[in-house]
Amino acid sequence: MAERQVIYSDYRDRLRQNREVIVRDLDALQVLDHLIAEGVFDLDEDEAIREKPTRRARVTELLAQLPGKGPAAFSHFVDALEEPFPDLHENLKADVLVTEEDRQAYIRRILVAGHVPPRPEYFVDRPKEVEKLREALRMLQETDGWVVLHGMGGSGKTSLAAEALRDDELLKDCFPDGVFWLTIGQIMEDGQVDAAKLLMKMQNLCARLDPDGAADRPSNIEAAHDRLLSIFASDYSSALLVLDDVWSQVVARAFSVRCRCLVTSRSAAVANQTRTPRKLVVPITTGFTLEQTLAVFSRLTQIPVKELPAEAKGIHYESQGLPLAVAMLGALLKPDPKPLRWQYYFDMLKAKKLKRLGGSNTEDSLFASISISIDALATSDPKVFDFYKMFAIFDDDPVLSSQVLAVLWGFEQPIEVEITMDKVLEMSLAHKVRRCLEVPASQVRFRLKSSSLRPAFKRAISATGNIHNKVLPLDDTTPKVRKQSSVFISAAADTHGDKTNKVKRARSLSVTQFDYAHYSLHDLQLAYLKDELVNDEEKLVMHKRLVEGYSKHCEDQYHELHDDGYVHRYLGFHLLEAGESARLATLLTDLRWIERKLLFAGIDDLLNDYLRFKEHNKRCQEQLEKPKAVAVQPRRRPGRKPARDKSPVKQLSRPASVDPSVLQDVLMYQRFVSIHAHHLLQEHRVSVVQLALSQPEGSIVYQQALQLAKLETQEQSAFYVRLCNASEDVHSHRLTVRAHQQDVKSVAVSPDSRLAVSCSSDTSVRLWNRETGSLVATMEGHENYVTQCCFNPANSSQIISCSDDSTVRVWEYGDDRNVMAEQILEYRAAESPISCCCVSPDGLSCAIGDLDGMLRVFSLSGGQDFFVESVAHEDPVNGCAWSKHRNLIATVSGTTVQLWSATTESLQATFHDHKLLVYGCAFSNKSDRLITCSADQTLKVWSTLAMEDQPPLTSLAHDGVTLLCCGFSPNDAVIVSGSASGTVRVWHGDTYGHLYSLDAHNGWVNALAFVPDGRSFLTCSDDLTCKLWEISESAHRDTTHYDRRLDLDMCMDTGVLTLACLDKGNNHVKVLRGEKLNEVESRSIGDGEVVKSFALASNFKTLTLASTTGRLQILETSSRTQSSEDDGITGTLEDMPTPCESSGGRVLCDHASPHKGQVKIVQYSPDCKYLVSASDDGIQVVWCIDGLDSKLHFIMSDNMSSRHMPFAFFKDRPWLVSTTESGQLQVRDLKDGSVVVSWSSGGENQPIALAVSHDGTLVGASVGEKLHLWSTLGFESGEAHSVAQIEEHRDVIRSFAFSPDGARYATGSDDHSIRLYDSSDHSLVEEMKLIHSLGWIVDMVFSEASDLLVSVSDRIKFWLAEDGTLVRTVYLNGPFTKFIRADPFFSTFATVDDHGTLYLLATVFPDDDEDDVEP
């Protein structure tokens, strides 16, 4: 037994020592079969390992189980590694190393990998403090928790934290998954936590922990929090996260991700808001002892402690032994420790402390030490001093690479920065951290001919040492940097993840560029520079210097700048500070820069640049009214005496506002980004150029995108499509926000207009920026659907929410309100779910209604009930509102509306005019009116002065749909209503006339809220989005809507595009001809018949209409002989003339039809000689098309399905394949109607998708999740031979297509994926998953050249048919469409979405008619 224990301990130590390497390199799936065969794991344990979501998680689970399996298990594990992992095999076979050298190597490896800072040169062991911290860390061995190391600035918290981790037993026993160090710093702006900087810190940590998921970067703080929560839970459950220099509880809470955490801070309460089972506080009460200070001086000056002058002790006492101060003063004495210098610095320390009296003695000591060190730098090396001062232009607590400083200082090579900074480091005025930067494979672009990319790139890097040269040679053996070329390597140059057949992405290239040095200043040193040393005039010059440095490196092509970790995030800030607002305007209107900014900084940072630009321009306009001379004094800290006069008062150059037209351009681009913010937030890589090609043709955004697309198409054979008929609708929304994972129930705007709050069925309440849509905070606590939320009208910092969990919760966001919010009150009613809430104008009371029909009013300060009406309604209370006049509360329930007096706590009036359920109500803001909305499809306006059961003032109809919400604008100028169809209507507030309608959402419009200025409003919906709309008080002609549910046919006649589509408004099928979409015909069946389906012959000779009663007409198209001039895509659907009742050619066939039910499908054969129709009574009919002799040919009535009736024609012979409800397939000869062959699909259900290969050799049909393929070679002999059965989808296969060349076929499924197969052996080529897509894959079409595939769901996607690479994505306004039509040249595409919006897309070619102007 003793021997067994020794062996067990031995192999456990080996596993522990090699854990890091094992977790990094091992793939558990490659050894599990061996371990199961040897009996180490059973099947349940094997499954537990395999089901882990990531490779690292599987390895972690294997290592957790292995130690409990005995010594034989270790031997089998080592044997399993021999073939797939020989290096690991050798490491584990070797003896356990226990020497001190091995221990230190292990510690060094762990800490370096975790970015733990090294020991400083002046390091002095502080054993008591270190051991106290280690003791606290050991308390985290078995559980998550936080250890807070707090002390004053400069007390050595960072060094102590790092030193405590230099213990191999602590690392092995408590944190076997590693240590991850993250420096936070003072990420504050105007006294608040800067959310953008916090997000960047969290994104960086996510990328370090999960390199494989780095491309899918979290887009907001909440997403980053959730990502870290998941990563630590699955991969790093026993790791330690170190957050160094945390200033705010808000930051600490953001990193509260259920892990083991060490925090250094100046505040002991920094972790008070974190939700963790254990919190330990370790204070640092003192600095160095006298002995420790003297030891530092002795080490630095090489003078024995006993021989140090008396002034050494004096310096210790004056500096209070603070490590930062001791280090800086020791660094000054190091070069020449003569007695006079000791006296000199001692006297200076006392003198400078006296000059700064007014603050704390500790802070005065530190600032005095900093001042002495900086003065010494200025004296010894003025040039380095001038460079050092330039740190003052950077934000608080910057971590800057040598690349950035090289730009600022005008150096050619980053190595020059390191040489310069050595002097600064010697004087302890900064510290250095080295990081390795890599260019991921997915971020490298090159031409196919550049096969020598890897060696050429390495040679270029090693030869130039300068990544700022925007062009690097790819096909030249001599590493010369070229100034102009279209071939370049760019970090994430392919920002949208698209690729064409001429431009390929390197799949496996990851190039280490440089081990660039990164530098940071202590926050006190930075504060001294900003407040005491550098004035505003000097800062202006420095900002200009940095801006011009970047401009020089990229020759003003900022979009080609390499990502140095700084420029894309902060260039806008420096441009404004440099007075270069016009240049920033140029960047903000450059789609190429926007795309790069989105990639490296994110949507929030981009939108913040637009806001900063607008605010800056506004300030400039205001300043023009002030006196020209502005006296500028250096800033100083509150309570301090004025700093020394370093320069005379100077006149600052007056900031200039941009031209009004330029400002309008910037606002147009901001609107473009805001409208598509939900796409840009969801998807990390979006082609901004492609997105802009969906803008109206008159837009400057579209015009620039078109020129860029042409340029890239010409130079790189790229593929782009443009939306030809984008609407110029002035009522388009201004912002789209997708803040929730389920339907959004309610939305509200803060009284100061800055923020908005929304709530959802996902049980969350989310606070977000109203202008940018960026998420600010998530309030969690409700246990069921959150039904409504609102702001306190008298207290902008309070939010009230109610829920089906029978509670009302009050939340408050304080000084750090741009990041976090806290619950301050929970009010619990009876057991009934709460459906609505509203707050009194004075902000003191809240009224709620529940599903039992009760009305309650309670105090927001303490939760006491003021008023409870238990019999308010017999039905659930659906909505409530509190008036600004007369202190009235309105409630709606069933078909009744009630008015209650909050003053007398009594019922004032009841109205019964609605016929169906009433869903919402709202008071006017300037008059005594109440508006209600109902399922009876009406809005009703009531007088609040009316008596019982008086009729409404007016009643407004809303297009025959249920109304769910309504409201008056703040000035009562308009009324807005939202419906279950997703539409929003705007009405005049006084005359009640209808102004215009909006296709607002793809689901129910659940709520709306006005912005206090009355110029815009928000809506929220079941489609998971909130949208911001601007209000126009002018009437607007509604656009034409086409019926998606029927069909859209298109054909090409002598190269001229022709479309046929159904106008839902007048039940006419419109024929639109030419790329201007000119209406040439408008046809209807007549006699009041409703068109159910239609088809346009590809030869454009006939048009067939079918009705809901089974009637079918075959019409001659009168436009066949008319000439149509195709003069470019410049028209819109709104320019079409109003159609007449019927216009067109003769009726060729209108005989009695065998159809008795709705004709759901009408389809022409490829040669247009035959027509097939199918109705829901199971009848399928084949018609012969022959001019006036067109007639019924034969009837197929084989118990056909009333739901799915797919047909497929053979192109090389007159055959038709159809399906039956029982799963049978039939092939008929169209000439005589005879059945050629009939066979079973192999399933009991009817096939959904059906297709015939272009050469007629294969027939494919999908049944559920399976695809069946049959050979047609035996059809004529009555046999169908199965050649393949595909069962790889996880849901129904809804679409299926063969490529024309027969090399590929593709399946589209409800599991949101497309699978591409090789026709020769039916092997899977690629699975294309539609990430962030909500729709089924309903249709697919291959190009005639078989090189591209287009698919459609809730968006249109183009793919390379060769390998399934995504080429382009086009977003739809509506949620779904069921088809995509393409012309024979694969250059024009058309579809109609659920909103009835027609999309006409055209491929962009370099030689399009528009002028080719270089952007």
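Since we're looking at a predicted model, the values are computed, not measured.

Analysis parameters
Residues numbered from 1 in each chain as written. Predicted model: local features only at pLDDT ≥ 70, side-chain atom pairs only at ≥ 80, totals over all residues. Heavy atoms only, no water. Helix = DSSP H or I, 4+ residues; strand = E, 2+ residues; numbered from the N terminus. Buried < 20%, exposed > 50% of the residue type's maximum accessible area, 1.4 Å probe, protein only. Contact = heavy atoms within 4.5 Å. Areas by Shrake-Rupley, 256 points an atom, 1.4 Å probe, with all protein chains shown as cover. Phe/Tyr/Trp six-rings, centres within 6.5 Å; stacked < 30°, edge-to-face > 60°. Lys NZ or Arg CZ within 6 Å of the ring centre and 35° of its normal. Salt bridge = Lys/Arg side-chain N within 4 Å of Asp/Glu carboxyl O. Pairing = 2+ DSSP bridges. Axes fitted to C-alpha atoms, helices over the stretch in contact; angles between N-to-C directions. Polar contact = N/O pair within 3.5 Å; in protein donor to acceptor, adjacent residues only side chain to side chain. Core = buried A, V, L, I, M, F, W, Y, C linked by side-chain atoms within 4.5 Å. Expected span 1.5 Å × (residues − 1). Arc of directions from axis to C-beta. Parallel < 35°, antiparallel > 145°, perpendicular 65-115°, else oblique. Left-handed = near helix turned anticlockwise from the far one by under 90°. Nonpolar A, V, L, I, M, F, W, Y, C, P; charged D, E, K, R; others polar. Patch = residues over 30% accessible without salt bridge, like charges linked within 9 Å, V, L, I, M, F, W, Y side chains within 5 Å. Lys, Arg positive; Asp, Glu negative; His and termini not counted. Charge placed at Lys NZ, Arg CZ, Asp CG, Glu CD.

Broken down by element type, the protein carries 33 helices and 74 strands. Residues counted as buried form 59% of the 1415 residues belonging to the protein. Long-range pairs, those at least 24 residues apart, make up 58% of the contacts in the protein with a sequence separation of at least 6. For the protein, the accessible area works out to roughly 55,800 Å², and carbon and sulfur atoms hold 48% of it.

Counted under the stated rule, the structure contains 26 aromatic pairs. Ring centres 4.6 Å apart and planes at 10 degrees place the aromatic pair Phe-911 and Trp-942 in the stacked group. Note that Phe-911 is positioned in strand β32 (residues 906-911) and Trp-942 in strand β35 (residues 938-943), a separation of 31 residues in sequence. Pair check on accessibility: Phe-911 and Trp-942 agree, each one buried. Taken together, a centroid distance of 6.0 Å and an interplanar angle of 75 degrees make the contact between Phe-1296 and Tyr-1305 edge-to-face. Considered together, Phe-1296 and Tyr-1305 belong to a single accessibility category, that of buried residues. Members of the aromatic cluster, joined through ring pairs, are Phe-387, Tyr-388, Phe-391, Phe-394, Trp-409, Phe-411, Tyr-566 and Tyr-570. One residue, Lys-172, lies across the ring of Tyr-106, its end atom 5.1 Å from the ring centre. Note that Arg-1213 overlies the ring of Trp-1215, its terminal NZ or CZ placed 4.5 Å from the centroid.

On to the pattern of salt bridges. Here the structure, examined in full by the defined rule, presents 40 salt bridges. In this structure, the salt-bridge partner of Arg-19 is Asp-177, at a minimum N-O distance of 2.6 Å. In this pair, Arg-19 sits in helix α2 (residues 19-25) while Asp-177 sits in the loop between α11 (168-174) and β2 (179-183), placing the two residues 158 residues apart along the sequence. With respect to class, Arg-19 is no different from Asp-177; both count as buried. Across the pair Asp-1150 and Arg-1111 runs a salt bridge, and its minimum N-O distance is 2.9 Å. With Asp-1150 in the loop between β51 (1147-1149) and β52 (1159-1164) and Arg-1111 in the loop between β49 (1102-1107) and β50 (1112-1116), this pair connects stretches of sequence that are 39 residues apart. Judged by relative accessible area, Asp-1150 falls into the partly exposed class, the value being 31%. Several salt bridges share partner residues, and in doing so they unite Glu-1288, Arg-1290, Asp-1311, Arg-1315 and Glu-1327 into one network.

The strand order across the open sheet built from 4 strands is β16-β43-β42-β41, with neighbouring strands paired in antiparallel fashion. Unpaired on one side and paired on the other, β16 (733-737) and β41 (1005-1010) mark the two borders of the sheet. Between one strand and the next, the sheet's axes are offset by a mean angle of 20 degrees, whatever the strand orientation. Looking at chain direction, β16 and strand β43 (residues 1026-1030) are connected through 4 bridges and run antiparallel. When the bridges of β43 are listed, Val-737 appears paired with Cys-1026.

With that settled, the discussion passes to helix α28 (residues 591-600). Burial analysis of α28 places 9 of its 10 residues in the buried class, the great majority of the element. Where α28 starts, the residue carrying a side-chain oxygen 2.9 Å from the main-chain nitrogen of Arg-592 turns out to be Asp-590. Where α28 terminates, the next one or two residues include Gly-602, which has phi positive at roughly 95 degrees.

Time to look at the nonpolar core. Ranked by internal contacts, the top residues of the largest apolar core, which has 129 residues, are Phe-391, Phe-394, Trp-409, Tyr-550 and Leu-591. Here this core takes 7 residues from helix α19 (residues 361-380), the largest share from any one element. With residues up to four places along the chain from it excluded, the contact list for Leu-591 reads Tyr-669, Phe-672, Val-688, Ala-692, Val-701, Gln-704, Ala-705 and Leu-708. Of all hydrophobic cores here, the second largest spans 34 residues; its members include Leu-182, Ile-187, Val-193 and Ala-239.

What follows concerns helix α9 (residues 127-138). Working note: α-helix, 3.6 residues per turn, so residues spaced by three or four point in the same direction. The terminal C-alpha atoms of α9, which comprises 12 residues, lie 16 Å apart, in line with the 16 Å expected from a rise of 1.5 Å per residue. Residues of α9 that are buried include every one of Val-130, Leu-133, Arg-134, Ala-136 and Leu-137, and no others. The buried side chains of α9 occupy one side of the element, clustering within an arc of 160 degrees when seen end-on. In α9, those exposed residues whose orientation departs by more than 90 degrees from the buried face are Lys-128 and Glu-135.

A separate point is the environment of Ala-739. Take Ala-739: it is sitting in the loop between β16 and β17 (744-749). Ala-739 sits 35 residues away from Ser-774 along the chain, and the two C-alpha atoms are 8.7 Å apart. Every residue in contact with Ala-739, bar those within four places of it in the chain, is listed here: Ser-758, Arg-766, Trp-768 and Leu-1024.

Before going further, it helps to examine the sheet that holds strand β27 (residues 855-859). The 4 strands are arranged β25-β26-β27-β28 in an open sheet whose pairing can be described as antiparallel. Each edge of the open sheet carries a strand with a single partner, namely β25 (834-839) and β28 (865-869). Averaged over all pairs of adjacent strands, the angle between strand axes in this sheet comes to 15 degrees, irrespective of strand direction.

This next bit is on the packing of helix α15 (residues 290-301) against helix α16 (residues 310-319). At a minimum axis distance of 10 Å, the contact between α15 and α16 shows a crossing angle of 120 degrees. Relative to α16, α15 is oriented oblique. In this structure, the crossing between α15 and α16 has a hand that is right-handed. Taken together, the residues of α16 that come into contact with α15 (itself represented by Leu-290, Thr-293, Leu-294 and Phe-297) are Ala-312, Lys-313, Ile-315, His-316 and Tyr-317. Looking at the contact of α15 with α16 residue by residue, the class counts come to 6 nonpolar, 2 polar and 1 charged.

Despite not being glycine, Glu-905 has its phi angle at roughly 55 degrees, a positive value. Its place among the elements puts Glu-905 in the loop between β31 (896-901) and β32. A relative accessible area of 38% places Glu-905 in the partly exposed class.

Taken together, the side chains of Glu-38, Asp-79, Glu-82, Glu-83, Asp-87 and Glu-90 make up a negatively charged region of the molecular surface. Along the chain, Glu-38 falls in the loop between α3 (29-37) and α4 (43-50).

Take the pairing of strand β59 (residues 1235-1240) next. Looking at chain direction, strand β58 (residues 1224-1229) and β59 are connected through 5 bridges and run antiparallel. Directly across from Val-1227, in β59, lies its bridge partner Val-1237. The turn linking β58 back onto β59 is made up of 5 residues, and Gly-1233 within it adopts a positive phi angle of 80 degrees.

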